[in-house]
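# An overview of the molecular structure
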Amino acid sequence: MKCEFIIENIGQLVTCASPGGPKRRSAMQDVGVIEGGAVAIGEGKLLGVGRAQDIAAGFTAAETIDAVGRVVVPGFVDPHTHIVFAGDRLDEFELKIKGANYLDILASGGGIISTVKKTRDASKAELVAQATERLDKMLECGTTTCEIKTGYGLNTETELKMLDVIRQLGESHVMDVVPTFLAAHAVPPEYRANPEAYVVLICEEMLPLAYNCLFGAQDGQPRVTAFADVFCENNAFDLEQSRRVLEAAKRLGFALKAHVDEFTNLGGSRMAIGLGAASIDHLDAISDEEIELLSRSDTVGIVTPTVNFNFGSREFANVRKLIDAGCAIALSTDYNPGSAPCPSQPMAMAIACRYQKLLPSEALNAVTINAAHSIGLGATNGSLEAGKLADLVIADVKDYRSLAYEFGSVQIESVMKRGNWVEV
């Protein structure tokens, strides 16, 4: 069979293949290493993945690329980010060093609210330019697919502005971008005395407008897959408010995500799993009963070790327990200005291995195939399997475990997205 090109002389071809869905339990330790492998690529897809001799026997190519014994892994997938925002939170960085906690800063008008003020004032062009720079940083670290949330507008005008920015990023940037509508990220100052009115605004006005923006029919087909999200937490949205937001989104046709159990357990995991959420995110305070529910569901648990690291915390989500219980687990940077200013999935892997006791194999599966399933792209992204998108990374290492073992440097040699090499 003819193909556009073949990448050969791969030291370790790490497929993370999982045709049956996200990996669980012992399967998390299997990254599908093929020693001395090769891949055949054409029309943006992987046509063949396997041993070099098998690829050479089955394909002819106009161009052959020598990987010089390096490691090839799937392009990383980041399933939880907040990279559309204006300004920074450098002052709060110092406050946290001095001992202030996240909820104290949020209650005093800082945190999310401080970014909201700056994002409301920023033009659409400014937000696109700044977010593009952040996507470029992520690409340099090997991420080829990501989810991006709104949530720094907290009014109809700015939330829809952010949504349009995310749409533009998906059209203009090489990375695949999955949008999530998160108007229920915090209660804005103008509704602090009447949060119920803000919940009504989200359910009755903002979500329908967001749905129309994202799912406006084009030849009878939705333009994109998109999610709605809520932050179920003290000083944000309580359990009943969170349920109402997600139920309203589900009725409209959104897929669901939920920030739950980051600081306190309000029952959000049980509620979101019951509604069929694609993912529940953070999980630091998830209960044993909810872990059991998660293990028996199709919901993926997304953990964000960069947040705990950034807070200087010694407490992390118990990912070892979650994996051993049979939960499908993904890792994310949670790239955002306040709690996780980190573009690097390899850094998230490094932290998870050290503080949450993941093996490098488990961490790699968590930022590839499982992360792809958590944003609805498991059939096309997240692993190196014939028929999937040709999204891959050539790492300048001899063993894939080095991606989590070494930290503080960029080990990514080359990045391919949809069969095209991209500048990093």
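This text goes with the structure placed above it.
Attention in this report is confined to the structure presented alongside it. Since the model is a prediction, treat every value here as computed from it, not as a measurement. (Residues numbered from 1 in each chain as written. Predicted model: local features only at pLDDT ≥ 70, side-chain atom pairs only at ≥ 80, totals over all residues. Heavy atoms only, no water.)

## Digging into the overall build of the protein chain
Using the following cut-off: Secondary structure elements are defined from DSSP: runs of H or I of at least 4 residues count as helices, runs of E of at least 2 residues count as strands, and each element is numbered from the N terminus. Using C-alpha atoms as the atom set, the radius of gyration is obtained and then compared with a globule rule of 2.2 Å times the number of residues to the power 0.38. Every residue pair with non-hydrogen atoms within 4.5 Å of one another is taken to be in contact.
Check the secondary structure of the protein chain and you find 16 helices and 16 strands. Its C-alpha atoms give the protein chain a radius of gyration of 21 Å, within 12% of the compact-globule value 22 Å for 424 residues. With the C-alpha coordinates of the protein chain rotated into their principal frame, the extents come out at 70 × 50 × 40 Å. Long-range pairs, those at least 24 residues apart, make up 72% of the contacts in the protein chain between residues at least 6 apart in sequence.

## A closer look at unusual backbone geometry
With a phi close to 55°, Asp-334 is a non-glycine residue in the positive phi region. Take Asp-334: it is sitting in the loop between β13 (329-331) and α13 (345-355).

## Considering the packing of helix α6 (residues 156-172) against helix α7 (residues 195-215)
Applicable threshold: Geometry is summarised by axes, namely lines fitted to C-alpha atoms with helices restricted to the contacting stretch, and by angles between N-to-C directions that run from 0 to 180 degrees. The labels follow the angle: roughly parallel below 35 degrees, roughly antiparallel above 145, roughly perpendicular from 65 to 115, and oblique for the rest. Helix crossings get a hand from a simple test, with the near helix turned counterclockwise from the far one by less than a right angle marking a left-handed crossing and a clockwise turn marking a right-handed one. As a working rule, the residues Ala, Val, Leu, Ile, Met, Phe, Trp, Tyr, Cys and Pro are called nonpolar, Asp, Glu, Lys and Arg charged, and the rest polar, with Gly in that last group.
Contact pair α6 / α7: the axes reach a minimum separation of 10 Å and the direction vectors enclose 25°. It follows from the interaxial angle that α6 and α7 lie roughly parallel. The interaxial crossing formed by α6 with α7 has right-handed handedness. Contacts between α6 and α7 pair Thr-156, Glu-159, Leu-160 and Leu-163 from the former with Leu-201, Glu-205, Met-206, Leu-209, Ala-210, Cys-213 and Leu-214 from the latter. Class assignment for the residues of the contact of α6 with α7 results in 8 nonpolar, 1 polar and 2 charged.

## A word on the packing of aromatic side chains
Threshold: Two rings from Phe, Tyr or Trp (for Trp, the six-membered ring) form a pair when their centres sit within 6.5 Å of each other. Planes less than 30 degrees apart are called stacked, planes more than 60 degrees apart edge-to-face, and all others tilted. For each residue, the accessible area found with a 1.4 Å probe, counting protein chains only, is set against the maximum for its type, and the residue is called buried under 20%, exposed over 50%, and partly exposed in between.
A full pass over the atoms with the stated rule returns 6 aromatic pairs. Ring centres of Phe-85 and Tyr-152 lie 6.2 Å apart, and the angle between their planes is 80°; on these two criteria the pair is classed as edge-to-face. Of this pair, Phe-85 sits in the loop between β6 (76-78) and α2 (90-97) while Tyr-152 sits in the loop between β7 (143-149) and α6, and the two are 67 residues apart along the sequence. For the residue pair Phe-85 and Tyr-152, the accessibility class agrees, reading buried in each case. Taken together, Tyr-191, Tyr-198 and Phe-237 form an aromatic cluster joined through their ring pairs.

## So, the pairing of strand β1 (residues 2-14)
Note the following rule: Between any two strands, pairing holds if DSSP finds at least two bridges.
Across 6 bridges, the pairing between β1 and strand β4 (residues 60-66) is parallel. Bridge pairing links Ile-6 to Thr-64 in β4. The pairing of β1 with strand β5 (residues 71-74) spans 2 bridges and is classified as parallel. Looking at β5, one finds that Gln-12 is bridged to Val-71.

## Regarding α6
Structural remark: α-helix, 3.6 residues per turn; residues separated by three or four positions point the same way. Put simply, the rule is: One less than the number of residues in a helix, times 1.5 Å, gives the span that helix is expected to have.
Between the first and last C-alpha of α6 there are 24 Å, a value that for 17 residues agrees with the 24 Å anticipated at 1.5 Å per step. Among all positions of α6, only Thr-156, Thr-158, Glu-159, Lys-161, Met-162, Leu-163, Asp-164, Val-165, Ile-166 and Leu-169 are buried. Looking at the buried residues of α6, the elements they touch are α4 (112-121), α5 (124-140), β7, β8 (176-184) and α7.

## Here's the deal with the sheet that holds β13
Pairing within the open sheet is parallel, and its 8 strands lie in the order β6-β7-β8-β9-β10-β11-β12-β13. Only two strands of the sheet have a single neighbouring strand rather than two, namely β6 and β13. Within this sheet the neighbouring strands show an average axis-to-axis angle of 25°, counted without direction. Pairing analysis gives 3 bridges linking strand β12 (residues 300-303) to β13, with the strands arranged parallel. From the neighbouring strand, Ile-302 faces β13, where its bridge partner is Ala-330.

## Looking at the pattern of salt bridges
Stated formally: One side-chain nitrogen of Lys or Arg within 4 Å of one carboxyl oxygen of Asp or Glu is enough to make a salt bridge.
One pass over the structure, following the stated rule, counts 20 salt bridges. Note that Arg-89 and Glu-92 form a salt bridge whose closest N and O atoms lie 2.9 Å from each other. Like Arg-89, the residue Glu-92 is buried in the burial classification. One salt bridge in this structure joins Arg-120 and Glu-190, with 2.8 Å as the shortest N-O distance. Residue Arg-120 is located in helix α4, and its partner Glu-190 is located in the loop between β8 and α7; the two are separated by 70 residues in the primary sequence. Look at Arg-120 and you get partly exposed, because its relative accessible area is 25%.

## Focus on the environment of Cys-342
Summarising the element assignment, Cys-342 is placed in the loop between β13 and α13. Each C-alpha atom of the pair Cys-342 and Pro-79 lies 14 Å from the other, and the pair is 263 residues apart in sequence. In this structure Cys-342 touches Thr-306, Thr-333, Tyr-335 and Met-347, once residues within four positions along its chain are discounted.

## What to know about the layout of surface pockets
For clarity, the threshold we go by: A 1.4 Å probe that fits into a set of points on a 1 Å grid over the protein atoms alone but cannot get out defines a cavity; an open set with protein on both sides within 12 Å along at least five of seven lines defines a pocket, and lining residues are those with an atom within 4 Å of a point. Grid points are joined across faces, edges and corners, and a volume is the space filled by probe spheres set on the points.
What the second largest pocket holds in volume is close to 300 Å³. In terms of lining, the second largest pocket is formed by 17 residues, of which the most central are Asp-88, Arg-89, Asn-336, Pro-337 and Pro-341. At the level of elements, α2 and α5 are the ones that each hand at least two residues to the lining of the second largest pocket. Of all the elements, α5 adds the most residues to the lining of the second largest pocket, at 4 residues. Broken down by class, the residue content of the lining of the second largest pocket amounts to 6 nonpolar, 5 polar and 6 charged.

## Description of empty space enclosed by the protein
Scanning all chains against the criterion turns up 2 cavities of 30 Å³ or more. Estimates place the volume of the largest cavity at around 120 Å³. Along its surface, the largest cavity is lined by 14 residues, and Tyr-102, His-185, Asp-334, Asn-336 and Ser-339 are the ones closest to its centre. Residues belonging to the lining of the largest cavity are distributed by class as follows: 4 nonpolar, 7 polar and 3 charged. In this structure, the second largest cavity occupies an estimated 40 Å³ of space. Lining the second largest cavity, in full, are Pro-74, Gly-75, Val-77, Thr-144, Thr-145, Thr-380, Asn-381, Gly-382, Ser-383, Leu-389 and Asp-391. Looking at side-chain class alone, the lining of the second largest cavity contains 3 nonpolar, 7 polar and 1 charged residues.

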